[in-house]
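The chain contents come next:
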Amino acid sequence: MTPPRRFRAGRFLDAAAVHAAADANPRLRRFVRTVAGHSEAGDARARRLLEHLIRRIVDDVGDLHLGNAVTRLERIAVLRENIAAILDHVLEGGTLPDGVRVETLGEYFDQLSTEMRELSRPRDGIVGDAPLRLADDAGAYADSLLREFEADGGAGGRHAEPTVAVADAFRALPADRQAALRRAAELEPRALWQAVAAEGEASKRSAVATLETRLGGRLTPDELTRLRTALDDLGRARNRGLQVSDARLAEALARIVDPDLRAVVAGGDVWLTQQLALHNPEALATLWQRFRDRGGRADDGPGFRAYLRHDMVTYGRGVLGEYSAAFSLSSIELFLKGPDANVKVSGTDLVGIGHDGWVWLVDDKSHRATSVSGVSALTDNLVTNLRRDAGDFRDALARLQRDDPGFVPDPRIIDAVTRMENAAAEIDRINRTGSAATRPARITQALTDQRLRLRVTSAAGEVREITQALRDLGLRYEPTRAPVPLPPTGGR
């Protein structure tokens, strides 16, 4: 039996946000006080335990909801395929397939509606009105949480306030803002700190409003104005310090072997260079080597940051382009090669079989330019890519047959792979023989004979046309729908 998939949503929780939520909840504050009173390690260990419990419970609840959603999506896919097969059969002039009644189609639509409805109401779809149970035995579940915490030495969820960063920011304030802060600290110290430590714009506005209410007119309007500005300054300094504390940065720097890269990271910005050092040091080292290989100076921190940003933006546009193209190409009925996150790997981006049986080879060019003149994956490297993709598909079919002796490949896939191999052999022969002047026409004919289409998309870019030279080689630009923009979140 395959174990349930673990999504580990709890690891994405920010430690500061967890502690801020705990501080705002009376029951959680009481929990920390109770545990601290029975522990030799006191408050610090109690807070670490609470963070561990919250992360683990978020993990388990997330696994329950996401696992249920994945299962429902799989059932929805099957129902849609069944409905589409029936409708296609009828639209092509046939009667209902053997064994299928009109009522069956209605049942499929009812099931699809139910699955879609339950997908939008995850808790109801899992337990209805019953309590959400994470385990059959609450005691055993609690024991497992404690064992995990103890196995980690009770060190999970370490959190330290960036007091140095906040103090430095305070000293940098003008004297009148410092005076406004000191006055508020004398009158309402707890509410003042809650305003400084608030996470997110909404929480910040609420905390500041609460502080002003408690101050109750004891500060003049000018003092309140200076206080609001000072709170913004200290809040930004605290958030910056939380992103990269001195201890975390020291650990990250210790892992960097290259002394030049270590110096660049130490003096780099907290939002990009240092974050990458903290969370993905292997990628940082790889990108640093590429930067240096391309002539980047060992002491050029700003230049390396610009290189990182360009690389990340380009990568993000490429991933978005591939996925958007895959969901926009409605003519493709079956993908043999779908979108993935490996946008820097050479080769075709998408390979699919259309409704008419033609094989589509797609290269997405999500560029800012409006025209494309070079598509090496579908021109210079076409033979190599056809053979590599066909070989990958045959290997995948062989693995499926080894894992399940009863597996029967879809005949359309076998036919498509064979045609790709035939086209590769013929185009390879054309490239080695005959007149160069007639080569584009002969390649185009070879693709047509094997019913292969070469398409260029730009789902996340500005490309709207390809050059005549590419069209002469059989390539065509395939328009795609623009990706739907995400609404603003209102966060910082």
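Not measured: the values here are computed from a predicted model.

Reading guide: rules and limits
Residues numbered from 1 in each chain as written. Predicted model: local features only at pLDDT ≥ 70, side-chain atom pairs only at ≥ 80, totals over all residues. Heavy atoms only, no water. Helix = DSSP H or I, 4+ residues; strand = E, 2+ residues; numbered from the N terminus. Buried < 20%, exposed > 50% of the residue type's maximum accessible area, 1.4 Å probe, protein only. Contact = heavy atoms within 4.5 Å. Phe/Tyr/Trp six-rings, centres within 6.5 Å; stacked < 30°, edge-to-face > 60°. Lys NZ or Arg CZ within 6 Å of the ring centre and 35° of its normal.

Honestly, unusual backbone geometry in this entry has me stumped. Any pointers?
Trans peptide bonds make up most of the peptide bonds, and negative phi angles are found at most residues other than glycine. Of note in this structure, Arg 451 is not a glycine but carries a positive phi near 55 degrees. As for its placement among the helices and strands, Arg 451 is situated in the loop between helix 19 (439–449) and strand 5 (452–457). Taking relative accessible area as the criterion, Arg 451 reaches 30% and is therefore assigned partly exposed.

Looking at this model, I keep getting lost on the environment of Ala 277. Mind explaining?
Relative to the helices and strands, Ala 277 is located in helix 14 (residues 273–279). The class for Ala 277 is buried, based on a relative accessible area of 1%. Separated by eleven residues in the primary sequence, Ala 277 and Ala 266 place their C-alpha atoms 9.8 Å from one another. Setting aside anything within four residues of it in sequence, one finds Ala 277 in contact with Ala 252, Arg 255, Ile 256, Val 265 and Leu 284.

Help me understand the packing of aromatic side chains, please; the structure alone is not making it clear to me.
The geometry of an aromatic ring pair comes down to the distance between the two centres and the angle between the two planes. One pass over the full model with this rule turns up four aromatic pairs. Aromatic side chains Trp 288 and Phe 291 sit 5.8 Å apart centroid to centroid with 35 degrees between the ring planes, which places their arrangement in the tilted category. One end of the pair, Trp 288, and the other, Phe 291, are both in helix 15 (residues 281–293), three residues apart, so they sit about a helical turn from each other. Each member of the pair Trp 288 and Phe 291 is classed as buried. For the pair Phe 291 and Tyr 307, a centre-to-centre distance of 5.7 Å together with 50 degrees between the ring planes defines the contact as tilted. Here the residue Phe 291 occupies a position in helix 15, and Tyr 307 occupies one in helix 16 (residues 301–328), the gap between them amounting to 16 residues. An aromatic cluster of at least three residues, connected via ring pairs, comprises Trp 288, Phe 291, Phe 304 and Tyr 307. Above the plane of the ring of Trp 360 lies Arg 455, whose end atom (NZ or CZ) is 5.4 Å from the centre.

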